[in-house]
Amino acid sequence: MQAEKYTFSDNYRISRVLNGCWQLSLGHSLNGPLDFADVKKAFYQLRERGFTTFDCADIYTGAEEFIGSFISELKQDPDFREEDIQIHTKYVPDLEYLSKVDYGFTRSIIERSLQRLNKKQLDVVQFHWWDYEVDGMVATASYLQQLKEEGLIGHVSVTNFDTEHLRMLVDAGIEITSCQAQYSFFDRRVEKGLQAYCLANDIPLICYGTLAGGFLSSRYLGKQREEITPETRSQVKYLQVIEDSLGWSGYQQLLKLLEEIAEHHGVAISQVATRFVLQQQAVAAAVIGVRNSRHVDDNVRIFSFSLTEEELNRLREFVDRYPILPGEPFELERTIGSKYRNIMHMNINEEEQA
Ligand SMILES: NC(=O)c1ccc[n+]([C@@H]2O[C@H](COP(=O)([O-])OP(=O)(O)OC[C@H]3O[C@@H](n4cnc5c(N)ncnc54)[C@H](OP(=O)(O)O)[C@@H]3O)[C@@H](O)[C@H]2O)c1
């Protein structure tokens, strides 16, 4: 069995589940260092099974370099072609540097990603802007567009944009290939407007948080909140998201419902959770974080079944009983003083540059 593909309107193709590499960044794992030999093994296995697209970022310390080492190994095979795997990185200028961002700085970060990844062109660069109050967002996106015209970038995309600011980029003539946003049973803020805008403007969504850092799995069925110690920075975040959406008891009820549906298809809870997102409007793909080779074979089974209309409706009716997080996508994360913002690192690039 192979991972399904998604083809964009310009014929660019990716796997419908991307291999997420935030999990590889320095400090992400809270329960000890990763076994990077096992992660590399996972990369080879994923690629063999059609999971050919990787998601990383300029600010995921060490992740671009690790993918670059994988690409270098692949290049030793004379039959390997660069287009056989796709790399989606991000351009995340530091919060404190936003007002100073210019073409030269932007180009230097893109060149650094190219060098780290051992590539001649970045397939997709997803643009992130920490603070809409700081001027320069549209100008900075236009530098990426220019770098695309110069051949350093294949596609310009965005991440963590809300509807209004994505529209500003589109209205300014920036060609946006995709929009990466958090989307799961616990976080449906995209449904307030961004999803409809993306659908109407042929900007497919690439969704992260699909498994809520791994909490959407049978491992947590029947667990009390007090028994949980987060193992990753990702889980620190999703504990907040669960608390403010379904709450622990709603989450546990959801796991039971997912298990019932999963059993019917002969799959696991995590596969049903991913299919739910993949079967929503405007969704091209989901990103699932990789920390080891344990889940590779399980995740292939995402493509072994589809949820029926009735199952989708049951799940939708269940989550509709609970509040959607306030605001547009990433609004809480941008709000000064919010617990969502307080756990984020917003100034990484400049430290790295120094
Ligand atoms: N644009 C942004 O701002 C942004 C933000 C966050 C994430 N992302 C992207 O999205 C990726 C995913 O990150 P995330 O935080 O949303 O995490 P996630 O994908 O929801 O969760 C990843 C964790 O799920 C567990 N897992 C994977 N497959 C599983 C399976 N079949 N069964 C049970 N558990 C499974 C693994 O945990 P164990 O290995 O520990 O079991 C893994 O570390 C990141 O790597 C990054 O590329 C982007």
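Our subject is the structure that appears above.
What you see is a predicted model; the values in this text were computed from it and never measured.

Here is what the cut-offs are and how they apply
- Residues numbered from 1 in each chain as written.
- Predicted model: local features only at pLDDT ≥ 70, side-chain atom pairs only at ≥ 80, totals over all residues.
- Heavy atoms only, no water.
- Helix = DSSP H or I, 4+ residues; strand = E, 2+ residues; numbered from the N terminus.
- Expected span 1.5 Å × (residues − 1).
- Buried < 20%, exposed > 50% of the residue type's maximum accessible area, 1.4 Å probe, protein only.
- Contact = heavy atoms within 4.5 Å.
- Polar contact = N/O pair within 3.5 Å; in protein donor to acceptor, adjacent residues only side chain to side chain.
- Disulfide = S-S within 2.5 Å.
- Right-handed = clockwise from strand over helix to strand, strands pointing away.
- Pairing = 2+ DSSP bridges.
- Axes fitted to C-alpha atoms, helices over the stretch in contact; angles between N-to-C directions.
- Parallel < 35°, antiparallel > 145°, perpendicular 65-115°, else oblique.
- Left-handed = near helix turned anticlockwise from the far one by under 90°.
- Near = heavy atom within 4 Å.
- Nonpolar A, V, L, I, M, F, W, Y, C, P; charged D, E, K, R; others polar.
- Phe/Tyr/Trp six-rings, centres within 6.5 Å; stacked < 30°, edge-to-face > 60°.
- Lys NZ or Arg CZ within 6 Å of the ring centre and 35° of its normal.

Asker: Break down helix H1 (residues 36-48) for me, citing the residues and quoting the values.
Answerer: Taking 1.5 Å of rise per residue, 13 residues should cover 18 Å, and H1 covers 18 Å from first to last C-alpha, within 8% of that figure. When H1 is considered as a whole, its buried residues turn out to be Asp38, Val39, Lys40, Ala42, Phe43 and Leu46. Looking at the buried residues of H1, the elements they touch are strand E3 (17-20), strand E4 (53-55), helix H2 (63-75) and helix H10 (296-300). Its side-chain oxygen 3.1 Å from the backbone nitrogen of Ala37, Asp35 forms the N-cap of H1. Remark: Gly50 follows H1 within two positions and exhibits a positive phi of approximately 90°.

Asker: Any chance you could break down the state of the cysteines for me, citing the residues and the numbers?
Answerer: Under the criterion given, the structure shown has zero disulfides. Its sulfur unpaired, Cys56 is 6.2 Å from the next cysteine sulfur, which belongs to Cys21. Assessed through its relative accessible area of 0%, Cys56 is described here as buried. The thiol sulfur of Cys179 is not disulfide-bonded, and the nearest other cysteine sulfur, from Cys198, lies at 4.3 Å.

Asker: Can you tell me about the pairing of strand E6 (residues 122-127), naming the residues and giving the values?
Answerer: With six of six residues buried, E6 lies mostly within the body of the structure. The β-α-β motif built from strand E5 (residues 86-91), the intervening helix H3 (residues 103-117) and the parallel element E6 has right-handed crossover chirality. As paired strands, E6 and strand E7 (residues 153-159) are joined by five bridges and run parallel to one another. Considered in E7, the bridge of Leu122 is made with Ile153. Chirality of the crossover, the property in question, places the unit of E6, helix H4 (residues 137-149) and E7 among those that are right-handed.

Asker: Report on the packing of H3 against H4, specifying residues and quantitative values.
Answerer: Look at H3 against H4: their axes get within 10 Å of each other, and the N-to-C directions meet at 55°. Between H3 and H4, the angle is such that the two are oblique. Note that H3 runs across H4; the crossing there is right-handed. From H3, Tyr103, Thr106, Arg107 and Ile110 reach across to H4, where they touch Thr140, Tyr143, Leu144, Gln146 and Leu147.

Asker: Run through the site of the ligand, naming residues and quoting values.
Answerer: For the ligand, the set of nearby residues contains 30 residues, the closest of which are Gln23, Asp55, Asn160, Ser234 and Asn299. With respect to the ligand, the backbone of Gly20 contributes an N or O atom lying 3.5 Å from an oxygen atom. At 2.9 Å, a side-chain N or O of Tyr238 approaches an oxygen atom of the ligand. The set of elements that each furnish at least two residues to the shell around the ligand consists of helix H7 (233-244), strand E10 (283-289) and H10. For the shell around the ligand, a count of residues per class yields nine nonpolar, 15 polar and six charged.

Asker: Explain the side chain of Asn292 residue by residue, including any values.
Answerer: Structurally, the position occupied by Asn292 is in the loop between E10 and H10. Of the polar contacts made by the side chain of Asn292, one reaches the backbone nitrogen of Arg294; its length is 3.0 Å. With near-sequence residues (within four places) excluded, Asn292 lies in contact with Asp38, Val39 and Ala42.

Asker: Can you tell me about the packing of aromatic side chains, naming the residues and giving the values?
Answerer: Under the criterion given, the structure shown has 23 aromatic pairs. Feature note: the residues Phe36, Phe43, Tyr44, Phe54, Phe66 and Phe70 constitute an aromatic cluster, connected by ring pairs. Lying over the aromatic face of Phe66, Lys40 brings its terminal NZ or CZ to 5.0 Å of the ring centre. Over the ring of Tyr132 we find Arg334; its NZ or CZ atom is 3.8 Å from the centre of that ring.

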